[in-house]
Amino acid sequence: MAVTLTLPTVLANLAEGNKTLEAEGHTLGDAIDNVSGRYPQLASRLRDEDGTPYPFVTFYLNDQDIRLNGGFDVELHEGDEITIVPAIAGG
Amino acid sequence: MTTSVLAAPPKGQGQGRGRTKLSHDEILRYSRHLILPEVGPQGQQRLKDARVVLIGAGGLGSPAALYLAAAGVGTIGLVDFDVVEESNLQRQVIHGTGTLGQSKLDSASARIRDLNPHVHVERFETRLTSENALEILADFDVVADGTDNFPTRYLVNDACVLLGKPNAYGSIFRFEGQASVFYAKEGPCYRCLFREPPPPGLVPSCAEGGVLGVLPGIVGSIQALEVVKLILGVGETLVGRLVLFDALQLSFRELALRKDPGCPVCGNAPTITELIDYEAFCGIEAAPTYDGAEVSAPDVAREIREGAGVVLLDVREPQEWDICHIEGAMLLPLGTLPATLGALDDRAKIVTYCHKGVRSLKALEILKSAGVSNVRSLRGGIDAWSRAIDPSVPRY
């Protein structure tokens, strides 16, 4: 499945400045593997050493929090949009 | 959301909470509000009766305080312990050149008084801590979190959940902002979105990463807007919604927030039932000692004069190098360091430096773990160099 990942600035810098990435995969975990392969610096910012999501980076699949829909195992459909929301604290 | 967060007035006390009614001056001042059916005299009285506390009088707190004061919020609490500095003025519009060096509370209070003398300012010139947060926040109807660090954000969240207060949240970084209303009585809290903070150093602060000055103007104004809606009980607040703002794209994105049943503070079986040590929770420990690893600016200057073969390694970002750098230094940004180590002569006497001496210590650790033994870090960074050695290097 071809999907789109939207990255915040803080992570886009690790993907050659790209704020949106095209990715392939049957599950969200596959899609993250896919972009991590192309941008190795991004890999450790998207998931921990065990391959699970960090508690300070929230993934949305088409505007829904993936933690409530199967986490990284959630199945993707053609054209899905994934938004990555990191905790920021500036004020 | 159709009800105000203000408790209903006791019977027999009219529209307000038994406090002063709107004067003729105030009726004239707020006339554009009063003719809005959604506000009207009753809503304006609610604003006058309301007590709102702003955590931080900085980038977000500045526009929030100005708009809330202009709107006629009767009591505004300000919690801040900083002093107005030149580098604040690019975005902290409540302060001015004339208040440089003053406490932010003095500066902000004077501006609010000038803007609207009907507003009462309550000052808390202190760092918000686990010891004082419940006491300070308990007396307010709404909290607006505009702090600049993770420990205080989790502290504000947990205190609001424990006290049952709504928190108009805003956060910014570089060109992007987030806004929501965390109100555990009606929806999710901050921990439902981010259960734990990132480890220290992973997400740069605005001081390290920069922030576009207009951005907090927009996000702080959204916080003020949500506060006003919570008080008036009109419209749809951001409870259960997260707004992402991208200033470069000029795009607003809205995402649904769900209450996490397993949330440690607002979930079904909370494990956090009182305030905790937030510095420890955020992994911030007492500053480690770097015996002999740091070197002062005068000592580095002397070693250079004596021809001791010092190699100055600037680990900041290229745009910071363009602002200023120490003559003869070499630029290797921290993020590139593991990969660019080969460019270094391992016999050199390396001194790493950054803006203020924090990143250069991280660089030192990276170099040491890569086997470079003769490396020290410039204490206080290029800022200390500018102050002690070379004033022609601009401070930023």
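**Here's the deal with the interface of chain B and chain A**
And then number 1: Contact residues are listed per partner, giving 41 residues for chain B and 25 residues for chain A.
And then number 2: Carbon and sulfur atoms supply 55% of the area buried between chain B and chain A, which totals about 2,600 Å² over both sides.
And then number 3: Counting the surface chain B buries against chain A, the share from its top three residues, E176, F194 and R253 of chain B, is 19%.
And then number 4: Taken together, the links from chain B to chain A amount to three salt bridges.
And then number 5: Linking chain B with chain A are 19 residue pairs in polar contact (both at pLDDT 80 or more).
And then number 6: Contributing elements (two or more residues each) for the side of chain B that touches chain A: α7 (150–163), β5 (167–173), β6 (176–182), α8 (190–193), β7 (241–246) and β8 (251–256) of chain B.
And then number 7: By residue number, the principal contributor to the side of chain B that touches chain A is β5 of chain B, which donates five residues.

**Some details on the packing of helix α12 (residues 297–305) of chain B against helix α16 (residues 381–388) of chain B**
Between two packed helices, the angle of one axis relative to the other and the distance separating the axes together describe the packing.
Residues and elements named next belong to chain B.
And then number 1: Packing of α12 against α16 leaves a shortest axis separation of 9 Å and a crossing angle of 75°. Between α12 and α16, the crossing angle belongs to the class labelled roughly perpendicular. Residue-level inspection shows A297, V300, A301 and I304 of α12 in contact with α16, the latter providing A384, W385 and A388.
And then number 2: Counted by class, the contact of α12 with α16 contains seven nonpolar, no polar and no charged residues.

**Some remarks on the pattern of salt bridges**
For side chains bearing opposite charge, pairing can occur when the charged atoms are close.
Residues and elements named next belong to chain B.
And then number 1: For the structure shown, the criterion picks out 25 salt bridges over all chains.
And then number 2: Linking E226 and K229 is a salt bridge whose minimum nitrogen-to-oxygen distance equals 2.8 Å. Here the residue E226 and the residue K229 both occupy positions in helix α10 (residues 215–232), the gap between them amounting to three residues, near one helical turn.
And then number 3: A relative accessible area of 15% means that K229 is categorised as buried.
And then number 4: A salt bridge links E306 to R302, with the shortest nitrogen-to-oxygen separation between them at 3.6 Å.
And then number 5: Relative accessible area serves as the criterion here: at 55%, E306 is assigned to the exposed category.

**What about the sheet that holds strand β10 (residues 310–314) of chain B?**
All names here are of chain B.
And then number 1: Taken together, five strands build an open sheet; the order of strands is β9-β13-β12-β10-β11 and the sheet is parallel. Across the chains shown, the open sheet's two edge strands, defined by having one partner strand only, are β9 (294–295) and β11 (330–331).
And then number 2: Relative to strand β12 (residues 349–353), β10 runs parallel, the two being bridged by five bridges. Bridging from a neighbouring strand, D314 pairs with Y353 of β12.
And then number 3: Relative to the sheet, helix α15 (residues 359–369) contacts β9, β10, β12 and β13 (375–378), its axis offset from that of β13 by approximately 175°.

Here is what the cut-offs are and how they apply
Residues numbered from 1 in each chain as written. Chains lettered and ligands numbered in written order. Predicted model: local features only at pLDDT ≥ 70, side-chain atom pairs only at ≥ 80, totals over all residues. Heavy atoms only, no water. Contact = heavy atoms within 4.5 Å. Buried area = accessible area lost by both parts, 1.4 Å probe. Salt bridge = Lys/Arg side-chain N within 4 Å of Asp/Glu carboxyl O. Polar contact = N/O pair within 3.5 Å; in protein donor to acceptor, adjacent residues only side chain to side chain. Helix = DSSP H or I, 4+ residues; strand = E, 2+ residues; numbered from the N terminus. Axes fitted to C-alpha atoms, helices over the stretch in contact; angles between N-to-C directions. Parallel < 35°, antiparallel > 145°, perpendicular 65-115°, else oblique. Nonpolar A, V, L, I, M, F, W, Y, C, P; charged D, E, K, R; others polar. Buried < 20%, exposed > 50% of the residue type's maximum accessible area, 1.4 Å probe, protein only. Pairing = 2+ DSSP bridges.

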